Amino acid sequence: MKKILLIATGGTIASKYTPDGLSPQIDAQELLSYVPSASEFCTVDTLQPFSLDSTNVSPGHWLELARLIESKYEYYDGFVVCHGTDTMAYTAAALSYLIQNNRRPVVVTGAQKPVDLAITDARSNLLDSLRFASHERAHGVSIVFGGKVIAGTRAKKEFTKSYNAFSSINYPDIAVIHDDRIIFYIDDKDQNTRPLVFSHSLNQKVFLLKLIPGTDGTILNSLFDAYDGLILESFGVGGLPNYGDNSFLRAMDRWLIAKKPVVMATQVTHEGSDLSVYQVGKILKDRYSVLESYDMTLEACVTKLMWALGQSRDISSVRELFCRTVNHDLLFI
Ligand code: ASP
């Protein structure tokens, strides 16, 4: 029988109704009591490092979770992290960068409804997660939600209320789960023979700027001193506006000279960036060495840049780390 560590961190799955709204109140052991049939295929220990609405989860918590998994890694066959859905995609992406080449599964899950309701997705998501984490072929960081297994770098919350809240962006689901059956679409456990690596630092000084028509490029100057990396969430396949004042390109010179990485990402969810297509984008690549999100999710871009800047301050190393494929995050390069 597989040995699983269930790490509960709060979220709706563990919440109860209070006069002030839903808040996490149900601990890890109680969560487990709602899925008694899990004992047919695994034994489960529980831990509760924190209990938060995931709105309050920040990079320090991602590091805490990675360290916890590292300290318990040799004692368990798999890990299930119960987490709020709102920032789950960020946590799963961050864990994908902090824990690499893991042959044991780290499954992040949660629910749209609390586990103690009569009608809820919580019990099936939790049971599916324990089942997937107990599977011989499962590995790496993933999200299990609504019957789907999604690579930890590819998930996006696309619905605020429906049970099928998460989609895999620009990449197939790793597997689907129907009752007690797991059907793998990507079964690549034997392909990654690189050694397991845990990272212990992230650089939080990353800013994400979403452009709207008319954004003044001098905003980049206001961000310059406070941040070590910048992600521009622009339009379509990517580019920067020139409203006649050249304000964006002039501001970009500062970032380039200071060797601070700038990444072009897109507001469009599917198919990714391609700066080589238009004049408004090509100049950024040719003259400013701007990095691209390509087919990565925004959540992956943000956490990958924090991770890359946490490993090195040397711009060429940061660029190399950012452009390397990790846990299926990047195909189009
Ligand atoms: N606000 C909740 C959270 O992210 C939403 C959820 O878990 O579904 O913690």
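Residues numbered from 1 in each chain as written. Predicted model: local features only at pLDDT ≥ 70, side-chain atom pairs only at ≥ 80, totals over all residues. Heavy atoms only, no water.

S.K.: When you look at empty space enclosed by the protein in this model, what are you seeing that I'm missing?
M.R.: Any empty space left between atoms is shown by rolling a water-sized probe over those atoms. Summed over the entire model, instances satisfying the criterion amount to one cavity of 30 Å³ or more. By volume, the largest cavity amounts to about 100 Å³. No other element matches the three residues that strand E8 (residues 140-145) contributes to the lining of the largest cavity. When grouped by side-chain class, the residues that make up the lining of the largest cavity number seven nonpolar, five polar and three charged. (1 Å grid on protein atoms, 1.4 Å probe; cavity = no way out; pocket = protein on both sides within 12 Å on 5 of 7 lines; lining within 4 Å. Points joined across faces, edges and corners; volume = space filled by probe spheres on them. Helix = DSSP H or I, 4+ residues; strand = E, 2+ residues; numbered from the N terminus. Nonpolar A, V, L, I, M, F, W, Y, C, P; charged D, E, K, R; others polar.)

S.K.: Explain the pattern of salt bridges to me, please; I cannot follow it from the model alone.
M.R.: On inspection of all chains with the given rule, the structure shows 11 salt bridges. Close ionic contact of Asp 190 with Arg 137 constitutes a salt bridge, the shortest N to O distance being 3.3 Å. Taken as a pair, Asp 190 in the loop between strand E13 (181-184) and strand E14 (197-198) and Arg 137 in the loop between helix H4 (122-133) and E8 lie far apart in primary sequence, 53 residues in all. The class for Arg 137 is partly exposed, based on a relative accessible area of 24%. Salt-bridge contacts for Glu 292 lead to Lys 285; the nearest nitrogen and oxygen are separated by 2.8 Å. (Salt bridge = Lys/Arg side-chain N within 4 Å of Asp/Glu carboxyl O. Buried < 20%, exposed > 50% of the residue type's maximum accessible area, 1.4 Å probe, protein only.)

S.K.: Sorry, what's going on with the site of the ligand here?
M.R.: The full set of residues close to the ligand is Gly 11, Thr 12, Asp 53, Ser 54, Gly 84, Thr 85, Asp 86, Ala 111 and Gln 112. Taking Asp 53, its side chain carries an N or O atom lying 3.0 Å from a nitrogen atom of the ligand. Contact between the ligand and Thr 85: an oxygen atom at 2.5 Å from a side-chain N or O atom of the residue. Within the complex, 90% of the 270 Å² of free accessible area of the ligand lies under protein. The pocket occupied by the ligand, as judged from atoms lying within 2 Å of grid points, is the second largest pocket. Considered class by class, the residues forming the shell around the ligand number one nonpolar, six polar and two charged. (Near = heavy atom within 4 Å. Polar contact = N/O pair within 3.5 Å; in protein donor to acceptor, adjacent residues only side chain to side chain. Areas by Shrake-Rupley, 256 points an atom, 1.4 Å probe, with all protein chains shown as cover. Sits in = over half its atoms within 2 Å of the grid points.)

S.K.: It is not clear to me how the pairing of strand E7 (residues 105-109) should be interpreted in this structure. Could you clarify?
M.R.: Regular strands have side chains that alternate between both faces of the sheet. For E7, a buried count of five out of five residues is recorded, marking the element as mostly surrounded by other parts of the structure. On E7, burial covers both faces: Pro 105, Val 107 and Thr 109 on one face and Val 106 and Val 108 on the other are all buried. Bridge analysis of strand E5 (residues 78-82) against E7 gives four bridges, and the strand direction is parallel. Bridging across to E7, Val 80 finds its partner in Val 107. As paired strands, E7 and E8 are joined by four bridges and run parallel to one another. (Pairing = 2+ DSSP bridges.)

S.K.: Please clarify how the sheet that holds strand E17 (residues 262-266) should be interpreted in this entry.
M.R.: Strands belonging to one sheet form pairs held by backbone hydrogen bonds; the direction of such a pair is parallel or antiparallel. With parallel pairing, four strands are arranged side by side in an open sheet as E15-E16-E17-E18. Here the strands that pair on one side only, and so sit at the sheet edges, are strand E15 (206-210) and strand E18 (291-292). One ladder, built from five bridges, connects E15 with strand E16 (residues 229-234); its direction is parallel. Note that in E16 the partner of Lys 210 across the bridge is Glu 233. In the packing of helix H8 (residues 298-311) onto the sheet, contacts are made with E15, E16 and E17, and the angle to E16 comes to roughly 165 degrees. (Contact = heavy atoms within 4.5 Å. Axes fitted to C-alpha atoms, helices over the stretch in contact; angles between N-to-C directions.)

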